[in-house]
Each structure stands twice: as C-alpha cells, then as structure tokens.
Amino acid sequence: GAVVSQHPSRVICKSGTSVKIECRSLDFQATTMFWYRQFPKQSLMLMATSNEGSKATYEQGVEKDKFLINHASLTLSTLTVTSAHPEDSSFYICSAPDRAVTEAFFGQGTRLTVV
Amino acid sequence: QKEVEQNSGPLSVPEGAIASLNCTYSDRGSQSFFWYRQYSGKSPELIMSIYSNGDKEDGRFTAQLNKASQYVSLLIRDSQPSDSATYLCAVVNTGGFKTIFGAGTRLFVKA
C-alpha cells in the first residue's frame with residue numbers, strides 16, 4: 001500500500017517557539033493532505049485540508065495564523081505550530097487519500113509536547 | 001448531532017468471543033466507510049473498508065453496512081488479547097474526500 005511518512009515522530013519545545021511537522025507521500029502524488037489533531041482519549045479531529053499550490057482550508061475553530069500549512073509540492077505538506085503553548089501539546093497526524101479516494105493513508109504521527 | 005457517532009465503551013469481551021462495534025453517521029450521501037484500529041500512541045491502521053450495503057468479510061473481521069439506517073458495524077470473531085485497542089469508524093463525506101472519524105470504541109479482550 002501507499003506510504004505516508006511523517007517527521008518528527010516526537011518533539012518537545014519551549015513555549016513561544018515554533019515547530020514544523022513534515023508529511024511526505026513516498027510513492028504517490030497527493031494533491032490533498034489532511035491534518036488531524038488528537039488529544040488523549042479523544043478521536044482524531046480534522047484541523048485543515050492542505051491543497052497543493054493553493055491555500056489550506058481550515059476547519060471551524062482552528063486558527064490559521066497559528067497553524068501554518070504549506071503544500072509546496074505534490075509529495076510534501078508541512079504544518080507549523082507557531083508560538084506554541086502547552087495547550088497545543090497533542091498528537092498530530094497527517095493523511096493523504098489515494099487517487100480513487102477509497103482509503104486515507106496515515107503518517108506515523110507526531111507527539112508534540114510544549115513545556 | 002455528531003457526524004459520526006460511536007459508543008466510547010470500553011467494551012470488554014473474553015478471549016474467543018465475538019466483539020461487536022457499532023457506528024452511525026449523519027451524512028446520508030456518504031459512500032465510503034472504514035474501520036481503523038488504533039493502539040495507544042500510534043496512528044490508525046485500516047482494518048476494513050465497505051462501500052455497499054450488506055456484509056464484507058476478511059478473516060476474523062466482518063463489516064456490515066446499512067445505508068438506509070445510516071449504520072455500519074464491525075464484528076471481530078475469535079477475539080484475541082492483541083485485538084485490544086481503540087476502533088475508529090470513519091466516513092468519507094459527500095462530494096469530497098474528508099475522512100470524518102467517530103470518537104472511537106475502546107475494546108478490551110480478556111485472556
């Protein structure tokens with residue numbers, strides 16, 4: 001099956017700093033990628049839809065100026081958490097659908113801890 | 001009303017029993033339905049996909065879909081302790097390919 005690689009898998013940062021998370025589709029082109037956030041014992045919540053060559057679409061309640069998304073190529077989307085706060089600590093997961101949109105392939109996830 | 005609803009559980013079954021997981025969805029036009037398994041601290045992994053009404057079997061897993069009732073379920077036969085995880089029901093919405101997840105059902109299989 002298709003592979004989506006997410007990096008880093010774990011990051012600890014200080015409050016006020018920014019953190020960049022990368023999501024790469026390794027063997028297919030992904031014009032669209034999705035970014036999810038998952039707090040402990042909760043489900044995956046869609047944050048935004050990343051579109052190659054255009055602006056991301058954010059879900060209601062997600063601050064676009066805080067969570068910067070760049071989808072510069074057909075294989076790479078990045079999520080930058082700016083001015084991170086402890087409440088941003090969470091598990092961030094990216095996914096990319098295949099061409100037939102029959103399955104979403106997930107990255108390995110990034111555990112972000114803001115101290 | 002949540003777009004995808006699941007009983008959060010936990011659901012506890014003895015080893016060898018059948019585990020039954022249920023899910024309802026609100027978008028009547030949805031066409032693609034998935035069950036994912038997620039272990040703590042890991043990304044979800046696809047267990048089953050189903051697109052048409054009826055049953056779909058794959059090994060110990062059977063997915064059931066009833067579009068009229070907007071209901072999808074997952075049966076796990078001969079449950080094993082290694083099946084203990086959170087099971088996420090996911091639905092691709094009408095007209096696009098956003099995958100919307102339910103809150104997940106925690107399953108415990110007791111040895």
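See the structure above.
So, a few notes on the structure that sits alongside this text. (Residues numbered from 1 in each chain as written. Chains lettered and ligands numbered in written order. Predicted model: local features only at pLDDT ≥ 70, side-chain atom pairs only at ≥ 80, totals over all residues. Heavy atoms only, no water.)

## Observations regarding the sheet that holds strand S1 (residues 4-7) of chain A
All names here are of chain A. We count it as follows: Two strands form a pair only when DSSP identifies at least two bridges running between them. The numbering of helices and of strands both runs from the N terminus, where a helix is a DSSP run of H or I of at least 4 residues and a strand a run of E of at least 2. Axes here refer to lines fitted to C-alpha atoms; in helices the fit is confined to the stretch in contact. Angles between the N-to-C directions go from 0 to 180 degrees.
An order of S1-S3-S8-S7 is seen for the four strands of this open sheet, with the pairing classed as antiparallel. With partners counted over all chains shown, the strands left at the sheet margins are S1 and strand S7 (67-73), one partner each. Each strand axis lies, on average, 15° off the axis of its neighbour in the sheet, ignoring direction. With five bridges connecting them, S7 and strand S8 (residues 76-81) associate as antiparallel partners. Each bridged residue has a counterpart across the sheet, and for Asn-70 the counterpart in S8 is Thr-78.

## Things to note about the layout of surface pockets
Put simply, the test is: Using a grid of 1 Å spacing that covers the protein atoms alone, one calls a set of points a cavity when a 1.4 Å probe fits there but cannot get out, and a pocket when the set is open and has protein on both sides within 12 Å along at least five of seven lines; lining residues are those with an atom within 4 Å of a point. Grid points are joined across faces, edges and corners, and a volume is the space filled by probe spheres set on the points.
Approximately 520 Å³ is the volume found for the largest pocket. Around the largest pocket sit 22 residues that line it, and Pro40(A), Lys41(A), Ser40(B), Thr86(B) and Arg106(B) are the ones nearest its centre. Sorting the residues of the lining of the largest pocket by element identifies strand S9 (85-92) and strand S11 (105-110) of chain B as the ones contributing at least two each. Reported here for the second largest pocket is a volume of approximately 370 Å³. If you trace the second largest pocket, you find 17 residues lining it, with Leu44(A), Met45(A), Glu3(B), Ile100(B) and Phe101(B) closest to the centre.

## Points about the interface of chain A and chain B
Going by this rule: Residue contacts are counted whenever heavy atoms from the two residues lie within 4.5 Å of one another. Put simply, buried area is the surface a 1.4 Å probe can reach on two separate parts but cannot reach once they are joined, added for both. Salt bridges, as used here, are contacts in which a Lys or Arg side-chain nitrogen is within 4 Å of a carboxyl oxygen on Asp or Glu. Nitrogen and oxygen atoms within 3.5 Å of one another constitute a polar contact, given that in protein one can donate a hydrogen and the other can accept it, and given that sequence-neighbouring residues count only through two side-chain atoms. Classes in brief: Ala, Val, Leu, Ile, Met, Phe, Trp, Tyr, Cys and Pro nonpolar; Asp, Glu, Lys and Arg charged; the others, Gly included, polar.
Opposite the 23 residues of chain A that make contact, chain B presents 19 residues. Regarding the contact of chain A and chain B, the summed buried area is about 1500 Å², with carbon and sulfur atoms giving 59% of it. Across the chain A-chain B interface, the total number found is zero salt bridges. Scanning the region where chain A abuts chain B turns up six residue pairs in polar contact (both at pLDDT 80 or more). If you tally residues by element for the side of chain A that touches chain B, the top one is strand S4 (residues 32-38) of chain A, at four residues. Tallied by class, the residues present in the side of chain A that touches chain B amount to ten nonpolar, nine polar and four charged.

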